[in-house]
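Below are the chains, spelled out letter by letter.
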Amino acid sequence: MTTGQAEGATATAPPTAAARRRITVRGVVQGVGFRPFVHTLATELGLTGHVTNTGEGVVAEVEGAPAALARFGERLSGEAPPLAVVETVDGQDIAVAGEAGFRILPSRAHGPSRTLVAPDAATCEACLAELTDPADRRHRHPFLSCTHCGPRFTIVTAVPYDRALTTMDRFPMCPRCAREYADPGDRRFHAQPIACHDCGPRLRLLTADPADRTRPPRPAPGADPVADTRRLLADGAIVAVKGLGGYHLVCDASNDTAVALLRHRKARGDKPFALMARHIADVAHLVRVGTEERALLTGPVRPIVLLRRTPHPAPARGAPTLSDAVAPGSPDLGVMLPYTPLNHLLLGLPGDPPGPRLLVMTSGNVAGEPIVTDDDEAVGRLAHLADAWLTHDRPIRIPCDDSVVRISDGEPLFVRRSRGYAPFPVPLPVPVRPALATGGDLKNVLCLAEGHRAWLSAHIGDMDDLATQQAFERAEAHLETVTGVRPQLLAADRHPGYRSGRWAQCHTDGRPLVRVQHHHAHIAAAMAEHGLRDGRPVIGVAFDGTGYGDDHAVWGGEILLADYDGYRRFGQLAYVPLPGGDTTVRRPYRMALAHLRAAGIDWAEDLPPVAACPPDERPLLARQLERHLNCVPTSSMGRLFDAVSSLAGVCHHAGYEAQAAIALEAAALTAGEDHGPGYAFALRAGPAGATGADLVADPAPVLTAVVEDLRAGTAVPLIAARFHTAVAGLVRRGCALARERTGLTIVALTGGVFANTLLAEATAGLLREDGFTVLRHRRVPPNDGGLALGQIVVAARMAGAAVR
């Protein structure tokens, strides 16, 4: 109490001085309504200042009472828009400016890009309500979106993310859209893809001349391209439909003739087609849908979800039928729900005339080529595949196939990481200098990394085709643009014939190029996505089809003791000759005969692969194996799956990658619980030498047991199940021996073979029972789609480029 102040009198507190802070928010904060969110939050708290997009992220300067500034900082991440991912919020005090009001400023494009472009997002509930409301001005608008949904990655041409730097820049906003865009209280405030019937992209339907398909297609005469397309689909037509990241080839999935025709035209063999359903209820009688699968199907990404088929589906009243030609022989159905307004329109809104309720939605491409995005290319390259083209005039900046995911052990397991996930980064446990990894030649995905982030591209495809190699170059340039990473280091697979490696070699421009062993990269990818830091070696089990080994053999059944710096080959599947390379991959009976010969088992006429081998081919193959002509040795577990699939009489010819193994898994799934006596691999000490393993697993006893079971009349599903159990048991024994000799307790399961969930879950369960910590892929695929992530971290270490 000051002198002269009466006791009990209330003192008036002086007004709190204003303060000002500059706050930088990094993460996925552009194209997701973050600036409008900041504007609304600042206004609510009585703060003044401004907010803008920069290459660093969203930068806000806010001024007002310190308590309000503190609340502003706390709520930035906790109440962010649904598609935003806030990684960091950094603030610093700056001089008070006495600014009035709060404004959104134009974006600042100078300086390096360090923000994160958002992936494309499925139509939100608010937009879907508008799409179906006859009273709404965007009723049935095929391109409706807002700050919470719609295209992002596939339309952005540069950062910061503004309309002028997207493929929407050619569509001036009409007055009504412009008012919504400028209104801080509107859901479309600064929504860059904003459009409506008056100012947005336009659909156009083109139809081929059925009498002469060499003629250019003509515009369809109807006034409603969507309604006309639905009629075509109902009549059995195949339509090329332009989507978010490229064209789909679409037909009625209930129409046997249409599905068979698409399969024939695309020369797809028996490879399963993806399926789009209007509602989960439309496929509930066909597949098992758990809580986790339901969340993926209905969430903001809406990937293709691999759902296990119901063994004996009971026809449900009113449920749509499914052609057997959609996924013949597959244990799963790949299902997705509509994720764009056009998808919803194609499947029909309430009150629409009846049309197909299940659609085949497969990538619009020729086999082996990348998905088509350009309209002229779509007409030319898909002319022999499609009867009509539903196209539009919004360009696609970068191709982006649908992602493919399944649930395994209650967690997502990627088969293909693309739309909805790319280019969201994977955090790295060790910082690296700017680097580019070119991945592999199958399921190619490239990766850029800097500091603690790695950005993976969308799925690019198999590098055998020139068009795919050109798509690779465009994807690399685009990813550099949106990430701001300028690589100082390149990484590639060691295989001397890989086109991805040759591209890296031709584009070094004086930068170091590090070659990374294939299976070391697989294991490092699993380690990196689980956040393992330096000095944490693991027992890496890498099972796949093909990987170039240190001894120039084809590896693929490996147990490596590995960290980021290097590896030692602890275990391997015994070598057998791979006669004829890709020819044998396509004809699993050849691999079966090679394995039988290596096991000392006669090619008796009663064995399925012997019967499947043409009589004139059999002596030639025998001489080839005897003389080792064009026979590279392989330790591939993927090839052993092929061999057993043929030996059991399941699959002798593979029309697509891993078909024989998938068919063997499908058979095993029907075996029931009691598998009876199992099979077991023989273990022996490995050969001395730098590239030899300490331990060699000989499959001869397994093959002998399979032959005995066949001759005893054992059911094929039981044989398939016993083989899966044998492989899981082999991993268990190999890892136990590795732990005895090294003390290591962490096991990484990786490689394309572990996309087989029956094997992967059984193996992981056994290892956990034995006290191991098991790492399975959750952020990137176990197949070659995750290879580039491992290449990045290994190359950084090998080149001495890790930042410390």
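Residues numbered from 1 in each chain as written. Predicted model: local features only at pLDDT ≥ 70, side-chain atom pairs only at ≥ 80, totals over all residues. Heavy atoms only, no water.

Colleague: Give a description of the overall build of the protein that names residues and reports values.
Modeller: Looking only at helices and strands, one finds 22 helices and 29 strands in the protein. Taking 2.2 N^0.38 as the reference for a compact globule, 804 residues should give roughly 28 Å; the C-alpha atoms of the protein span a radius of gyration of 29 Å, in line with that estimate. The principal-axis extents of the C-alpha atoms in the protein amount to approximately 110 × 75 × 55 Å. Buried positions account for 58% of the 804 residues belonging to the protein. Pairs at least 24 residues apart make up 72% of the contacts formed inside the protein by residues separated by at least 6 positions. Of the charged side chains in the protein, 83 are positive and 86 negative; the average position of the first set lies 2 Å away from that of the second. (Helix = DSSP H or I, 4+ residues; strand = E, 2+ residues; numbered from the N terminus. Rg over C-alpha atoms; globule rule 2.2 N^0.38 Å. Buried < 20%, exposed > 50% of the residue type's maximum accessible area, 1.4 Å probe, protein only. Contact = heavy atoms within 4.5 Å. Lys, Arg positive; Asp, Glu negative; His and termini not counted. Charge placed at Lys NZ, Arg CZ, Asp CG, Glu CD.)

Colleague: Which residues make up the pattern of salt bridges, and what values do they have?
Modeller: Between side chains of opposite charge, a pair can form as their charged atoms come close. In total, this model carries 47 salt bridges according to the counting rule given. Residues Arg-20 and Glu-61 are paired through a salt bridge, measuring 3.0 Å at the closest nitrogen-oxygen approach. Within this pair, whereas Arg-20 is found in strand S1 (residues 19-28), its partner Glu-61 is found in strand S3 (residues 57-64), the two being separated by 41 residues in sequence. With relative accessibility at 3%, the residue Arg-20 sits in the buried group. Residue class for Glu-61 comes out buried when judged on its relative accessible area of 13%. Across the salt bridge formed by Asp-209 and Arg-215, the nearest N and O atoms sit 3.4 Å from each other. Residues joined in a network through salt bridges with shared partners are Arg-20, Arg-22, Glu-61, Glu-63, Glu-99 and Arg-103. (Salt bridge = Lys/Arg side-chain N within 4 Å of Asp/Glu carboxyl O.)

Colleague: A description of the sheet that holds strand S18 (residues 447-456) should follow, citing residues and the corresponding values.
Modeller: One open sheet holds the four strands; their spatial order is S18-S17-S19-S20, and the pairing between them is mixed. Looking at the sheet topology across the chains shown, the edges are occupied by S18 and strand S20 (513-516). On average, adjacent strands in this sheet sit at an angle of 60° to one another, irrespective of strand direction. Where strand S17 (residues 426-437) meets strand S19 (residues 489-493), three bridges bridge the pair, whose relative direction is parallel. In the strand pairing of S19, Ala-437 is matched with Ala-491. (Pairing = 2+ DSSP bridges. Axes fitted to C-alpha atoms, helices over the stretch in contact; angles between N-to-C directions.)

Colleague: Run through unusual backbone geometry, naming residues and quoting values.
Modeller: For the bond running from Ala-422 to Pro-423, omega is 5°, close enough to zero to count as cis. Take Pro-423: it is sitting in the loop between strand S16 (411-416) and S17. For Lys-443, which is not glycine, the phi dihedral falls at a positive 50°. For Lys-443, the position within the fold is in the loop between S17 and S18. For Lys-443, a relative accessible area of 22% corresponds to the partly exposed category. Phi is positive for Ala-658, which is not a glycine, with a value near 65°. Along the chain, Ala-658 falls in the loop between helix H17 (637-647) and helix H18 (659-668). Under the relative-accessibility criterion, Ala-658 is labelled partly exposed at 36%.

Colleague: Would you mind going over the side chain of Ser-330 in detail, with residue names and values included?
Modeller: Among the secondary structure elements, Ser-330 is positioned in the loop between strand S11 (304-308) and strand S12 (332-336). Those residues in contact with Ser-330, other than ones at most four positions away along the chain, are Pro-272 and Arg-309.

Colleague: Could you give an account of the sheet that holds strand S4 (residues 85-94), naming the residues involved and the relevant values?
Modeller: Strands sit in the order S4-S1-S3-S2-S5 across an open sheet of five strands; the sheet is mixed. The open sheet is flanked by S4 and strand S5 (102-104), the only strands paired with a single partner. For this sheet the average axis-to-axis angle between neighbouring strands, irrespective of direction, equals 15°. Judged from the three bridges that link them, strand S2 (residues 48-54) and S5 form a sheet pairing that is parallel. In the sheet register, Val-51 faces S5, and the bridge partner there is Ile-104. Helix H1 (residues 34-44) rests against S1, S2, S3, S4 and S5 of the sheet, and its axis sits at about 175° to S5.

Colleague: Help me get a handle on the state of the cysteines, residues and values and all.
Modeller: Considering all chains together, one arrives at zero disulfides under this definition. Of all cysteine sulfurs in the structure, the one in Cys-127 sits closest to Cys-149, which takes part in no disulfide; the separation is 3.6 Å. (Disulfide = S-S within 2.5 Å.)

Colleague: Can you tell me about helix H12 (residues 518-529), naming the residues and giving the values?
Modeller: For H12, which comprises twelve residues, the first-to-last C-alpha distance of 17 Å matches the rise-based estimate of 16 Å (1.5 Å per residue) to within 8%. Most of H12 sits out of view: twelve of its twelve residues are buried. In this structure Gln-517 caps H12, since a side-chain oxygen of it lies 2.8 Å from the backbone nitrogen of His-519. Looking one or two places after H12, you find Gly-531, whose phi comes out positive at around 75°. (Expected span 1.5 Å × (residues − 1). Polar contact = N/O pair within 3.5 Å; in protein donor to acceptor, adjacent residues only side chain to side chain.)

Colleague: Residue-level account of the pairing of S16, with values.
Modeller: Bridge count between strand S15 (residues 404-408) and S16: five bridges; the pairing is antiparallel. Bridging across to S16, Ile-407 finds its partner in Pro-412.

Colleague: Residue-level account of the packing of helix H19 (residues 700-711) against helix H20 (residues 716-742), with values.
Modeller: Orientation of H19 relative to H20, taken along the N-to-C sense of each, is 165°, at an axis distance of 11 Å. In this view, H19 runs roughly antiparallel relative to H20, as classed from their interaxial angle. H19 and H20 meet at a crossing whose hand is right-handed. Contact residues: H19 offers Val-702, Val-706, Asp-709 and Leu-710, while H20 offers Ile-719, Arg-722, Phe-723 and Ala-726. Taken together, the residues of the contact of H19 with H20 break down into six nonpolar, no polar and two charged. (Parallel < 35°, antiparallel > 145°, perpendicular 65-115°, else oblique. Left-handed = near helix turned anticlockwise from the far one by under 90°. Nonpolar A, V, L, I, M, F, W, Y, C, P; charged D, E, K, R; others polar.)

Colleague: Mind laying out the packing of aromatic side chains, listing which residues take part and the relevant values?
Modeller: For the structure on display, the rule yields five aromatic pairs. A centroid spacing of 4.7 Å and a plane angle of 90° characterise the contact between Phe-414 and Tyr-421, whose relative ring orientation is edge-to-face. For the pair Phe-414 and Tyr-421, one class covers both residues: buried. Lying over the aromatic face of Trp-555, Arg-569 brings its terminal NZ or CZ to 3.8 Å of the ring centre. The ring of Phe-772 has Arg-739 sitting right over it, with the charged end atom 3.9 Å from the ring centre. (Phe/Tyr/Trp six-rings, centres within 6.5 Å; stacked < 30°, edge-to-face > 60°. Lys NZ or Arg CZ within 6 Å of the ring centre and 35° of its normal.)

Colleague: I'd like to hear about the nonpolar core, residue by residue, with values.
Modeller: Ile-539, Val-541, Met-637, Phe-641, Phe-681, Phe-723 and Leu-749 are the most contacted members of the largest nonpolar core, which has 67 residues in total. Sequence-distant contacts of Met-637, that is, excluding residues within four places in its chain, are made with Phe-543, Asp-544, Gly-556, Gly-557, Leu-573, Val-727, Leu-730 and Val-753. With 57 residues, the next largest nonpolar core counts Ala-42, Phe-171, Ile-398 and Ala-504 among its residues. (Core = buried A, V, L, I, M, F, W, Y, C linked by side-chain atoms within 4.5 Å.)

Colleague: Tell me about H1, residues and numbers included.
Modeller: Within H1, eight of the eleven residues are buried, which leaves it mostly tucked inside the rest of the structure. Restricting attention to buried positions, one finds in H1 the residues Phe-34, Arg-35, Pro-36, Phe-37, Val-38, His-39, Leu-41 and Ala-42. On its buried side, H1 packs onto S1, S2, S3, helix H2 (66-78), S4 and S5. Within two residues after H1, Gly-46 carries a phi angle of roughly 70°, on the positive side.

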